[in-house]
Amino acid sequence: MSLRQNLVEIQKRLVKRIKRQIYSSVRSHRHIQKYYEEFKQVTGNYDKISNKQELLEKALQSDIIYVGDFHTLSQSQKVFLKLLEDISASEEYRRNRKGIIVCLEMFLNRHGEYINAFLDNRITETEFLEKTDYNRTWGFEWAHYKPVIEFARANHFRIEGLNSNPAKRQTGLVSRDKFAARIIAKLSAQNPGYIVTVLFGDLHITENHLPGTVDAILQKNGKERKKLIVHQNIERLYWKLAEQELEHIADVLKLNEYSFSVMSTPPLVKFQSYFNWQENAGELQYQRNPEWTASKEMQIDFLGQITEIIKAFCNFLEIPVPDMGDLTIYAMDDLNLLEKIRHSPDISAKEVENIEISILKRESMFIPQGNIIYLSSLSINHAAEEAAHYVYYKCSKAVLSAAMTKTDRFYLAIMRNALGYLGSKIINHKRLCYKEKDFEIFLTSNIDRKLRDPKLKELKKITISLLRHKEKERVYLNTGEWLNAKKLYPDDLSLNIGVTHALGYILGEKLYSAMIQDFITKQELKELFCTDFTLPDCAFSTYLSLIKKLQFVKDLYESKTEKM
C-alpha cells in the first residue's frame, strides 16, 4: 500500500468512526432520509474536473445561484463569501448587472425589518441577535456567517431571510422549500438584472427540490431565469477522486450543465465540524460560560479528539503511540495557562516571552516543558498541527536549552513548524498555506504604500525577510554556498516568530507534496520526527539538505489565491 493509499484508509476509518458517533445520538427522520437518498442519486457522479474560473464564468451568466450550506462547517460559508467577492469584483458583473441580492436560510423572512436595521447600522449586533432570537431560530455559529453579512453591508447588497418556521426544520422540509422558493422567485421576477444568490442546506438545493420549485413558479408566471447550483464537499465524490488519486488537485467538479461541487474540505473535517457542534464545541470552537464551566470540563471536551488525532498520526508513521497521561490542553480563553507558565521553573523568561507573543498573535503552540497544547483556534488544523508537535517531542526527546545560538533557534523553529504543518496536512490535505508567490504578490501590491494597520505593517516586514531568505536559498542551490547570512535572522521576537512560521509552513507543504508523489519515504519522515533539532547545527543542516532534496518536487499549487 502506497503512502497516499495509507492516508486515504486512515481518513475513511476516522470518518466512519465520527459518523457512527453522530448517528448514535441523532434520530433519523424519514423526511431527511428521503432528501438524503435523492441527494445521493443526483450527486453520485461528475462530468469532469473543473476549476474556479469556469465556475465563476458560469456564475456570471446565471440569474439565480444556489450554494449548498453545511451549517457547522465554516469553510462552507467561506466558499459562499468567496463567490460573492469574486462575482462583485469582476468587470462583467459591473458592466452587465444591477446588483446582488443575498438570500439566507439562517434568517426568518419575517425578521426583514431587523435585517435592514442592522445593515443600516440602526441597531447593534447584540440587538440584532436578540431581536431575531438567533440562537433559537438558527443556533449555528454566528461568527461563521457574520463575514457574509458584513460583506453584504459594505457593498449595499440586499439581504432576505428564507426561513419560515424553525420548529419545522425536520418535519416540514417540503413546506420550507416551497416557502423559500416563493421568496426567491418573487425577488428574481421583480429585480431583472440582479443576481439572486441563495445559501441554503445542501440537501435542499438538488434540482427536484428548491431550484425546481423556483423554476416552476417562474414558468407559471411566464418568467425564465438561468440557474447555477453549487454543492459543497460531496463525500461520495471525494472517495471517487481519492481512488483515482485526484482528490488533491480537484477543487471544483462539474456535475452537469448547471451543477458544480466545490471540494474545499475532506469528509473528516466536514463531519468533525458537525460532531463538535453536536457536543457544544462548534467547529472545534466553543462558547462557554466561565461561571458554570470549569476549565477541567473544557479539557475533557477536547482531549479525546486530540488523542484520536495523535493515534492516527502515529499509526500512519508506524511509530508507537506515546503515553498521553501527561498531556494538558488549554484553549484560547483559559487564562490559567499564563499563570502556569510564569511560575514554571522549567520555562525560561525568554520562553515565557515567546509564548506570550504567540498568544497575542493568536497562534496555537505546543509547550514541551509542560507537555501543554495551547489552541488559539479550536479548528482541526490547529489541533492536528499541535498533535504533530507533541509527537515530535515525544519521538525526538528534544530538550530546549538556553545555550542555543540564535541561528540554531531560528532553524529549530522552522523545522518544528514544518513538521507541525505536515501533520495537519496528513489529517486535512485541503489545508493551504501562503506560498512564496503569495508573499511576492502582497509585497508588489504594497511596496510603495504606507500601511497604517499594525498587522499589515508586520506582514510587510515578515514578507521582506522571508523573500530575502528564499533568495538566499536559490543562491545556495546554484552555488552550494551559504554566506553573509546575518540579516536573515530578525532580532525582533514577533518578527522572528512570523518568519519562521511562514518558512516552516512552506517547507511542510513541500514535504507533503513529496510524500504523496513518493519522492520521500515514510522511513525518512519518521527519521525527521525522531531527529533532535536542538543539537548544534542540526536544524540548519537538515533544512539545507531538505530544500536541496525537494527542489524538483512538483508543487500541488503555486499560490493560495488560486484555490477556492
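Structure first, text after, so check above.
Calculation notes
Residues numbered from 1 in each chain as written. Predicted model: local features only at pLDDT ≥ 70, side-chain atom pairs only at ≥ 80, totals over all residues. Heavy atoms only, no water. Buried < 20%, exposed > 50% of the residue type's maximum accessible area, 1.4 Å probe, protein only. Helix = DSSP H or I, 4+ residues; strand = E, 2+ residues; numbered from the N terminus. Pairing = 2+ DSSP bridges. Salt bridge = Lys/Arg side-chain N within 4 Å of Asp/Glu carboxyl O. Contact = heavy atoms within 4.5 Å. Axes fitted to C-alpha atoms, helices over the stretch in contact; angles between N-to-C directions. Polar contact = N/O pair within 3.5 Å; in protein donor to acceptor, adjacent residues only side chain to side chain. 1 Å grid on protein atoms, 1.4 Å probe; cavity = no way out; pocket = protein on both sides within 12 Å on 5 of 7 lines; lining within 4 Å. Points joined across faces, edges and corners; volume = space filled by probe spheres on them.

> Got a sec to walk through the pairing of strand β8 (residues 259–262)? Specific residues and values, please.
Because side chains alternate across β8, one face comprises the buried residues Ser259 and Ser261, and the other comprises Phe260 and Val262, equally buried. Bridge count for strand β6 (residues 227–232) against β8 is four bridges, and the pairing is parallel. If you follow His231 over to β8, its bridge partner there is Ser261. Alignment of strand β7 (residues 252–256) against β8, held across four bridges, turns out to be antiparallel. Note that in β8 the partner of Lys254 across the bridge is Phe260. In textbook terms, the turn of a hairpin is the stretch between consecutive antiparallel strands, and for β7 and β8 this stretch comprises two residues.

> Tell me about the pattern of salt bridges, and please be specific about residues and values.
Scanning the model with the defined rule gives 31 salt bridges in all. With a shortest N-O distance of 2.8 Å, Arg342 and Glu356 are connected by a salt bridge. Remark: Glu356 occurs in helix α16 (residues 349–360) and Arg342 occurs in helix α15 (residues 336–342); sequence separation between them is 14 residues. The class for Glu356 is partly exposed, based on a relative accessible area of 25%. The partner of Glu524 in a salt bridge is Lys549, with the nearest N and O atoms 3.3 Å apart. Of this pair, Glu524 sits in helix α22 (residues 522–529) while Lys549 sits in helix α23 (residues 538–549), and the two are 25 residues apart along the sequence. For Glu524, a relative accessible area of 26% puts it in the partly exposed group. Through salt bridges with shared partners, a single ionic network connects Lys48, Glu54 and Lys254.

> Could you give me a rundown of helix α11 (residues 210–220), with the residues and numbers involved?
Every buried residue of α11 is accounted for by Leu210, Pro211, Gly212, Val214, Asp215 and Leu218. Gly222 sits one or two positions beyond α11 and adopts a positive phi of about 70 degrees.

> Give a detailed account of helix α6 (residues 112–119), specifying residues and quantitative values.
The complete set of buried residues in α6 reads Ile115, Ala117, Phe118 and Leu119. Looking at the buried residues of α6, the elements they touch are β3 (99–108), α7 (125–131), α9 (142–154) and β4 (158–163). Positive backbone phi, at 60 degrees, marks Asn121, one or two positions downstream of α6.

> Outline the pairing of β3, listing residues and values.
Across the ten residues of β3, ten count as buried, placing the element largely inside the fold. The sheet contact formed by β3 and strand β5 (residues 194–201) spans six bridges and is parallel. Considered in β5, the bridge of Val102 is made with Thr197. Across five bridges, β3 lies against β4 in parallel orientation. For Ile101, the partnering residue across the bridge sits in β4 and is Arg158.

> An account of the sheet that holds strand β10 (residues 365–367) is requested, with residue identities and associated values reported.
Here we have three strands laid out as an open sheet, ordered β9-β11-β10, and mixed in their pairing. Every interior strand has two partners, whereas the edge strands, β9 (328–331) and β10, have only one. The sheet shows a mean angle of 20 degrees between the axes of neighbouring strands, taken without regard to direction. Bridge analysis of β9 against strand β11 (residues 372–375) gives four bridges, and the strand direction is parallel. Bridge pairing links Tyr330 to Tyr374 in β11. Where helix α17 (residues 380–396) meets the sheet, it contacts β10 and β11, and its direction lies at approximately 160 degrees from that of β11.

> Give a description of the environment of Glu318 that names residues and reports values.
Within the secondary structure, Glu318 sits in the loop between α14 (295–317) and β9. By relative accessible area, Glu318 is classed as exposed at 54%. A sequence separation of 204 residues divides Glu318 from Lys522, and the C-alpha atoms of the two residues are 8.5 Å apart. Other than its neighbours up to four places away in sequence, Glu318 contacts Lys522 and Lys526.

> Can you break down the sheet that holds strand β1 (residues 48–50) residue by residue, with the values?
What links the strands of a sheet is backbone hydrogen bonding, and the strands pair in either a parallel or an antiparallel sense. With mixed pairing, the eight strands of this open sheet are ordered in space as β1-β7-β8-β6-β2-β5-β3-β4. Strands with a single pairing partner mark the edges of an open sheet, and in this sheet they are β1 and β4. Each strand of the sheet is rotated relative to its neighbour by a mean of 25 degrees, with strand direction disregarded. Together, β2 (64–69), β3, β4 and β5 form the strand contacts of α9, whose direction differs from that of β3 by roughly 150 degrees.

> How would you explain the side chain of Asn417 if you had to name every residue and give the values?
The topology assignment puts Asn417 in helix α18 (residues 406–427). A relative accessible area of 11% means that Asn417 is categorised as buried. Within the local environment of Asn417, its side chain forms a polar contact with the backbone oxygen of Ala413, the two atoms lying 2.9 Å apart. Apart from the residues lying within four places of it in its own chain, the contact partners of Asn417 are Glu385, His389, Thr500, His501, Gly504 and Tyr505.

> Tell me about empty space enclosed by the protein, residues and numbers included.
To find leftover empty space, one rolls a probe the size of a water molecule over the atoms. All told, the structure shown has one cavity of 30 Å³ or more when counted by the stated rule. Of the pockets and cavities examined, the largest cavity occupies roughly 80 Å³. Within the residue set of the lining of the largest cavity, elements represented by two or more residues are α1 (3–24), α18 and α21 (493–516). Here the lining of the largest cavity gets four residues from one element, more than from any other, and that element is α1.

> Lay out the environment of Pro211 in plain terms, naming residues and giving numbers.
Following the sequence through the fold, Pro211 ends up in helix α11. Separated by 139 residues in sequence, Pro211 and Thr72 have C-alpha atoms that sit 23 Å apart. Non-local contacts of Pro211, meaning those with residues more than four positions away in its chain, are made with Tyr66, His204, Ile205, Thr206, Lys227 and Ile229.

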